[in-house]
Amino acid sequence: YVRGADVSQDEEALRWLEEVNDTIFTEYNREEANLSPSLHEGYLDLGAFGTTVLNQEYTNGHLLFRTFPLAHCWIDENADGEVDTLIRSIGMTTRQIFQQFEPDKIPKDIHEAREKQPHKVWTILHAVHPRSDREYGKVDSKNKAFASCWVCCESKTLLKEGGYDEFPYHIPRWTKLAHELYGRSPAMECLPSIRMLNAM
């Protein structure tokens, strides 16, 4: 089915759609895509907490799916009730920071810890949100629809700024009331009984 067009009798279009379908299926089933484990983790979070954070990106020549802990993430919706903003807190060691970011963007205090404290953990925030100040028509990373900013909390330093054409997170919620931002889970219905059993 193609929206706005009847291709049921167009053999060339049907062959193309079949090829695209096979390509997507193959990419999703690649081991390095990590889709099945991420979905399993996401379903566990969804049943327990009512909200899950599934990330989808294209990296190192393939799709990569990851599920991030809800406890480390904060979300927000746009006027249409769609989640379009996510801030994630990550604990990264000095060594990991030098692996991920350009040395000239890394603040002085982390440089000083490189030799003596390679395993020191720093709090890094990754914020993805709609970019309202971009210049339309430009194709660089700082003018994409969604901004991507990496910030070190200790030094209050911007480590990296980039962007995405589309929001890279899927945020399903089990069920929620009209005014709620985070979902409710089946486990929440059982919480009084769980607490009673734990007390007993």
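Above this text you will find the structure in question.
Everything numeric in this text was worked out from a predicted model, so none of it was measured. (Residues numbered from 1 in each chain as written. Predicted model: local features only at pLDDT ≥ 70, side-chain atom pairs only at ≥ 80, totals over all residues. Heavy atoms only, no water.)

Colleague: Requested: an account of the overall build of the protein, with residues and values cited.
Modeller: For the protein, the count of helices and strands is five helices and eight strands. Moving toward the C terminus, one meets the helices and strands of the protein in the order α-α-β-β-β-β-α-α-β-β-β-β-α. In summary, the protein has a C-alpha radius of gyration of 21 Å against a globular reference of 16 Å for 200 residues, an excess of more than 25%. With the C-alpha coordinates aligned to their principal axes, the bounding extent of the protein is approximately 70 × 60 × 35 Å. Buried residues in the protein amount to 32% of all 200 residues. Counting only carbon and sulfur atoms, one obtains 53% of the accessible surface of the protein, whose full area is about 13700 Å². (Helix = DSSP H or I, 4+ residues; strand = E, 2+ residues; numbered from the N terminus. Rg over C-alpha atoms; globule rule 2.2 N^0.38 Å. Buried < 20%, exposed > 50% of the residue type's maximum accessible area, 1.4 Å probe, protein only. Areas by Shrake-Rupley, 256 points an atom, 1.4 Å probe, with all protein chains shown as cover.)

Colleague: Help me get a handle on the packing of helix H2 (residues 35-49) against helix H5 (residues 186-199), residues and values and all.
Modeller: The description of two helices packed together rests on the angle between their axes and the distance between the axes. Their axes nearest at 5 Å, the elements H2 and H5 cross at an angle of 50°. Viewed along their axes, H2 and H5 adopt a mutual orientation that is oblique. Facing H2, whose interface residues are Leu46, Gly47, Ala48 and Phe49, H5 presents Pro186, Ala187 and Met188. (Axes fitted to C-alpha atoms, helices over the stretch in contact; angles between N-to-C directions. Parallel < 35°, antiparallel > 145°, perpendicular 65-115°, else oblique. Contact = heavy atoms within 4.5 Å.)

Colleague: Tell me what's going on with the side chain of Glu180, and back it up with residues and numbers.
Modeller: Here Glu180 is to be found in the loop between strand S8 (169-170) and H5. At a separation of 2.8 Å, a polar atom in the side chain of Glu180 contacts the main-chain amide nitrogen of Leu177. Side-chain polar atoms of Glu180 contact the side chain of Arg184, separated by 2.6 Å. (Polar contact = N/O pair within 3.5 Å; in protein donor to acceptor, adjacent residues only side chain to side chain.)

Colleague: Explain unusual backbone geometry residue by residue, including any values.
Modeller: Negative phi values dominate among residues other than glycine, just as trans dominates among peptide bonds. Of note in the backbone geometry, Asn60 takes a positive phi value of approximately 55° without being a glycine. Inspection of the secondary structure puts Asn60 in the loop between strand S1 (53-59) and strand S2 (62-68). In this structure, Lys156 takes a positive phi of about 55° despite not being glycine. Taking relative accessible area as the criterion, Lys156 reaches 72% and is therefore assigned exposed.

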